[in-house]
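A closer look at the structure
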Amino acid sequence: MRHDVDRPRIREWDAVRGFALCGILVVDIWQITGMTVVTEPGVVVPVRHALSVLFEGRFFPIFSFLFGLSFALLLDNAARRTDRPRLVLARRLVALAIVGLVHHQFQPGEALLPYAIVGLVILLPTSALPNWLVLSAGLAGTVVVALTLGGGLAMVPGLCLLGLAAARYGIADTLDDRGWQVGATFALALPAAVLAGRWEYRTPYLELWSSPASAVAGLLGALAYLTGLLLLLRTETGAVLSEVLEPLGRMALTNYVCATALILLANPWLGLSDSADYATLLGLAVAIIVAQAIISAAWLRFFRYGPLEWMWRSITWWELAPARARRRSVSW
């Protein structure tokens, strides 16, 4: 194995990953605790309905896109360091599947195991295909699933392929030069997301299962959130926000798994199961985010990776990764 220097981390994507993690947490809390959805058959709790339109299906697509993008960046890095880059990725994905399988016992709706399966079955084979074909498959898979199957985990393959294509076309490395493109996309996505969100909100609850409203609104909302955040990160306010979000994103695996443990520990005390106390849900989400942001920032002052990230990286490269932090942290 060649030990070339890893590529520098792209800070914007770490911040986006941390942002997506915060949004996913809100949905995870009500899924894990089994909070009340309806007051009577077909009538959704009003606050839950509003939160669904703001959070549900909006952050999971971002996370899936980033998984495909990170896969491509790591594969490129592995190609520079070893003659068997796909073996490195396969080992990484198997390790993720094991973590996901354990995590699944505590959170049946978790995403790690599906990501690992998609990576092994779809991303590894398609990474050798022409860029245009990867992009076409990603677009077709995402749009067709959204319109026919109503979204959910079925959209993961298409979104991951879009992330892979974005990296292949150089978007991941050229964000600084794409301000007008990001701005134009946001200008189109925001009104479309508002209209689609209104469509979702007005669709009767019992019809959502057979309607593409939630999936379409979720994708457009994700696009608006993603491009809006990328624009915000270019401002002074965004620079401050990035300092909070980046550590969360760099330790996304550790924070995602630990959040499940915190939710399960807090639930008996807060009594969220079978309740409609969504104010407490938001309070718990804020508390977890604040705690993880502080701990992540403090941890990364002394260590290069989060605990699970360190183990994951060591298995990926089949050697113990350096643990102590240095001034310029690099890796994928």
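Scroll up for the structure.
Let me begin by describing the structure that accompanies this report. Computed from a predicted structure; not experimentally measured.

Let us now look at the overall build of the chain. Looking only at helices and strands, one finds 13 helices and 2 strands in the chain. Its C-alpha atoms give the chain a radius of gyration of 20 Å, within 12% of the compact-globule value 20 Å for 332 residues. In terms of its C-alpha atoms, the chain occupies a principal-axis envelope of roughly 60 × 45 × 40 Å. In the chain, 77% of the contacts between residues at least 6 apart in sequence involve partners at least 24 apart. Of the roughly 15,700 Å² of accessible surface on the chain, 69% is carried by carbon and sulfur atoms.

It is worth spelling out the environment of L149 at this point. Looking at the secondary structure, you find L149 in the loop between α6 (131-148) and α7 (156-168). The class of L149 is exposed, set by a relative accessible area of 59%. Once the C-alpha coordinates of L149 and A287 are considered, the two residues, 138 residues apart in sequence, prove to be 35 Å apart. With residues up to four places along the chain from it excluded, the contact list for L149 reads V144 and A154.

Next up on the list: the pattern of salt bridges. When the charged atoms of two side chains lie near each other, side chains of opposite charge can form a pair. The final tally for this structure, using the stated rule, is 6 salt bridges. Linking R11 and E243 is a salt bridge whose minimum nitrogen-to-oxygen distance equals 2.9 Å. Taken as a pair, R11 in helix α1 (residues 11-33) and E243 in helix α10 (residues 236-250) lie far apart in primary sequence, 232 residues in all. On the basis of relative accessible area, R11 is assigned to the partly exposed category, the value being 44%. Of the charged contacts in the structure, one is a salt bridge between E246 and R11, with a shortest N-O distance of 2.9 Å. Of the two residues, E246 is situated in helix α10 and R11 in helix α1; the sequence distance between them amounts to 235 residues. E246 gets classed as buried once you look at its relative accessible area, which sits at 10%.

Now for helix α3 (residues 60-81). For α3, which comprises 22 residues, the first-to-last C-alpha distance of 31 Å matches the rise-based estimate of 32 Å (1.5 Å per residue) to within 8%. Across the 22 residues that make up α3, a large majority, 18, are buried.

Under the counting rule described, the total for this entry stands at 11 aromatic pairs. Arranged with centres 6.0 Å apart and planes meeting at 10 degrees, the rings of F60 and Y115 form a pair that is stacked. One end of the pair, F60, is in helix α3; the other, Y115, is in helix α5 (residues 112-126), and 55 residues separate them in sequence. Judged by its relative accessible area of 2%, Y115 is buried. Members of the aromatic cluster, each reached through a chain of ring pairs, are F19, F55, F59 and Y225. Sitting above the plane of the W312 ring, R92 keeps its charged end 3.7 Å from the centroid. Geometry around F303 places R324 over its ring, the cationic atom sitting 5.6 Å from the centre.

Mapping D28 onto the fold places it in helix α1. Although D28 is buried, it makes no salt bridge; R48 carries the closest opposite charge, 11 Å away. A polar contact is formed between the side chain of D28 and the side chain of Q107, at a distance of 3.1 Å. In this structure D28 touches Q107, Y256 and I263, once residues within four positions along its chain are discounted.

As a further point, take the side chain of Q292. On the secondary structure map, Q292 appears in helix α12 (residues 278-302). For Q292, a relative accessible area of 8% translates into the label buried. Not counting residues up to four positions away in its chain, the partners in contact with Q292 are L248, N255, C258, A259 and L262.

Right, let's get into the packing of α1 against helix α2 (residues 46-55). Packing of α1 against α2 brings their axes to within 10 Å, and their N-to-C directions diverge by 140 degrees. Accordingly, the angle class assigned to the pair α1 and α2 is oblique. Of the two elements, α1 crosses α2, and the hand of that crossing is left-handed. Across the interface between the two elements, G23, V26, V27 and W30 of α1 pack against R48, L51, S52 and F55 of α2. Counted by class, the contact of α1 with α2 contains 5 nonpolar, 2 polar and 1 charged residues.

Cut-off values and rules
Residues numbered from 1 in each chain as written. Predicted model: local features only at pLDDT ≥ 70, side-chain atom pairs only at ≥ 80, totals over all residues. Heavy atoms only, no water. Helix = DSSP H or I, 4+ residues; strand = E, 2+ residues; numbered from the N terminus. Rg over C-alpha atoms; globule rule 2.2 N^0.38 Å. Contact = heavy atoms within 4.5 Å. Areas by Shrake-Rupley, 256 points an atom, 1.4 Å probe, with all protein chains shown as cover. Buried < 20%, exposed > 50% of the residue type's maximum accessible area, 1.4 Å probe, protein only. Salt bridge = Lys/Arg side-chain N within 4 Å of Asp/Glu carboxyl O. Expected span 1.5 Å × (residues − 1). Phe/Tyr/Trp six-rings, centres within 6.5 Å; stacked < 30°, edge-to-face > 60°. Lys NZ or Arg CZ within 6 Å of the ring centre and 35° of its normal. Lys, Arg positive; Asp, Glu negative; His and termini not counted. Polar contact = N/O pair within 3.5 Å; in protein donor to acceptor, adjacent residues only side chain to side chain. Axes fitted to C-alpha atoms, helices over the stretch in contact; angles between N-to-C directions. Parallel < 35°, antiparallel > 145°, perpendicular 65-115°, else oblique. Left-handed = near helix turned anticlockwise from the far one by under 90°. Nonpolar A, V, L, I, M, F, W, Y, C, P; charged D, E, K, R; others polar.

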